[in-house]
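A closer look at the structure
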Amino acid sequence: MTNSSDAPGPDPDSNGGRSLGPDGGAGQSRSGVGHSRGRVTRKKGLIIGGGAAAAVVAVVVVASLTLGGNSPQAAGTSAPASSSAATTSASASAPATAAKTFAPFDRPEYVQAGAAAGAVNPIAATTVSVTDQALGTAMPDGLMGLSFETDVMTDPRFDPANSDLTAVLAHMNKPVIRFGGQSVDRRFFWTSTDEPIPNWKLVPAFSGDTRPILKVTPADLQRIKKVADASNATVVLTADLGHFDPARAADLALNAKKILGDRLQGMTMGNEPNGYYGEGREYMTIRGSDYGFPKYQRELMAYVSAVTAAVPDLKIIGPDVYSEEWWKQFVAAKVPNLAALSYHNYPMSACKTTGQSDSPTIATAMSRQRAQQSLDFQAVVVDLAKKANVPAWLTETGVSSCDGGNETTKKHVSALWTFNYALGAAQIGVSQVDMHSGLDACKGGPPLSPICDSGPYKKPNGIITMQPAYYGMMLANSIGAGAFQKVDTSGNENVYGYSVKHDDGSMSVVVVNQNDPTKDAQAPVSIQLPAQAATATMSQMTGPSFDAEAQTRIDGLESAGVPKETQGRIPGFTAGDKSVTLPVTSGTATVFTFTF
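This section reports on the structure supplied with the text. (Residues numbered from 1 in each chain as written. Predicted model: local features only at pLDDT ≥ 70, side-chain atom pairs only at ≥ 80, totals over all residues. Heavy atoms only, no water.)

Here we look at the state of the cysteines
Tallying each qualifying case throughout the model produces 2 disulfides. Across the disulfide from Cys 351 sits Cys 402; the S-S distance is 2.1 Å. Judged by the sign of its S-S torsion, about -90°, the bond between Cys 351 and Cys 402 is left-handed. Here Cys 351 is found in the loop between strand E11 (338–345) and helix H7 (362–365), whereas its partner Cys 402 is found in the loop between strand E12 (392–397) and helix H9 (412–428), with 51 residues between them in sequence. Exposure remark for Cys 351: the relative accessible area of 39% places this residue in the partly exposed category. According to the relative accessible area criterion, Cys 402 is buried, its value standing at 6%. Residue pairing for Cys 442: its cysteine sulfur links by disulfide to Cys 452, the two sulfurs lying 2.1 Å apart. Its S-S torsion of approximately 90° makes the covalent link between Cys 442 and Cys 452 right-handed. Highlighted residues: Cys 442 in the loop between strand E13 (430–436) and strand E14 (451–453) and Cys 452 in strand E14, separated in sequence by 10 residues. Residue classification places Cys 452 among the buried residues on the basis of a relative accessible area of 4%. If one numbers only the bonded cysteines of the protein, in the order they occur, the disulfide pattern is 1-2, 3-4. (Disulfide = S-S within 2.5 Å. Helix = DSSP H or I, 4+ residues; strand = E, 2+ residues; numbered from the N terminus. Buried < 20%, exposed > 50% of the residue type's maximum accessible area, 1.4 Å probe, protein only.)

A word on helix H5 (residues 293–310)
In an α-helix, one turn spans 3.6 residues, which is why side chains three or four residues apart end up on the same side. Helix length check: H5 (18 residues) gives 25 Å between terminal C-alpha atoms against 26 Å at 1.5 Å per residue, within 8%. Every buried residue of H5 is accounted for by Phe 293, Tyr 296, Glu 299, Leu 300, Tyr 303, Val 304, Ala 306, Val 307 and Thr 308. On the buried face of H5, the contacting elements are strand E8 (234–239), helix H4 (246–260), strand E9 (264–269), strand E10 (316–321) and helix H6 (324–332). (Expected span 1.5 Å × (residues − 1). Contact = heavy atoms within 4.5 Å.)

Focus: the packing of aromatic side chains
Within this structure, the stated rule accounts for 13 aromatic pairs. For the ring pair Tyr 296 and Trp 326, a centre distance of 5.2 Å and an interplane angle of 40° mean the geometry is tilted. Pair noted here: Tyr 296 is in helix H5 and Trp 326 is in helix H6, with a separation of 30 residues, a long-range link. Classification of Tyr 296 as buried rests on a relative accessible area of 1%. The exposure class of Trp 326 is buried, given its relative accessible area of 6%. Through a chain of ring-to-ring contacts, three or more aromatic side chains come together here, namely Phe 148, Phe 158 and Phe 179. For Arg 186, the ring lying beneath its charged end belongs to Tyr 283, and the centroid distance is 5.3 Å. (Phe/Tyr/Trp six-rings, centres within 6.5 Å; stacked < 30°, edge-to-face > 60°. Lys NZ or Arg CZ within 6 Å of the ring centre and 35° of its normal.)

Spatial relationships are all this shows, so hold off on functional conclusions.
Printed below as a string of structure tokens:
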């Protein structure tokens, strides 16, 4: 259903805007339905690894969201047996000839949220068996970032003195800030010499659209540099390709490199050029009906030549499209300085129909079939990126590109979807996932943005609110870099298993349980480790129901949760155990950290 409170101001350049629909160029929907390549089997999970052994982190995600009155607590209190009792296998499970002695680990037990009073449907036990076999894909630091419209670059809230945006970004581990979106080719004017704004024709995206062309200058880049430094973020910029001007793009690149320095990840030329012509859609149309990849390639190469002449080591990112055919042609073009093959994907963008596999509903968001279709779509990009010897970056994404709100808007289900969606993409080889965002008002602004301003509509106060999806982003980025390992998951079909092995020897095991929190009981989950563990702690993202608003938390906190160094012990764990079994509340994402 549509969130009526969001009706006053849908921004067509944002997640909830009109111009982000799936009907762009090349005849391909950004939902990605219909691809069958790169299927990840039910029993292949994530483990991230790197160097010598020391610690293992296990993550359990349960999509049943009802917490029944019991809210999760941070480390330091003991768990009541009714809600978080756990059993572990003792070190006797290890070979008798390889007995190992461990120092006691007696940190206070973690108290997880219990099931809701009416959540009584029994859930089949699930076993997540973690191995030391690498999958060949990596979990990066700062997997998730925020994608903004380019005109947001002029927003004074990017100055740490004017808002708490820096503090919000700092909750994530090394986030990416990407500037792009459809505004870049229509309403973005860069100048380093304070030129007057040109008299470009502006086509309204919707009735009453009076948004102006915005002038971006070096002062804006300097303000963004302050935020990036303070939050340890990196920046991706997009040049205006809509108004063909390679020299202006080169000037942007030169100033960006001087000001942002190593914070600049790279630059893209234009946003979704495969959608530059849309029959009957005047706002979208900035090229003729004969515009296709060959004409784009000529424009692209002119830009790349200009920007690399100005900044020889500038990293080129592209093509930022949602068309498989364009991805293939882009790779074949052998673009100089190419650093990443970038694409866009909004998996649930059947905007005017319901009941389809890509309708933006809670059922679709929690559907294993829909999750697999999205992975199949993205696997095509990953395969092409491997051939080009560059990473695959998802530089713009979200639940849906439909106008306004939907069943998932601002709901806890979006936190679970975001977390599982990002980890699934990372497991198959995607190394950057940027959620399209805005800084508009929480009430009246683009409803699908992971963050928003708490002030009245068009009267921002600089106090940034973290929506449920942002909690999923923070939890994903808390896992850290490593190598995905094989995980065998068996049991309930709504439970997903992943794991990450880090360079210091630690592991993160992720289990996503997508059972209904208001109906389904806690899921019995058993994690089988590849070795005896010395310590075991946990961190958990919770919410009372799939459709709960403003109630998502990590360890009961409005932040990224309790630091790993002080997280509570897994209930029942004893040093030397090689497995842990516990009931995991539906609708949660839990990260278990083990050291060996």
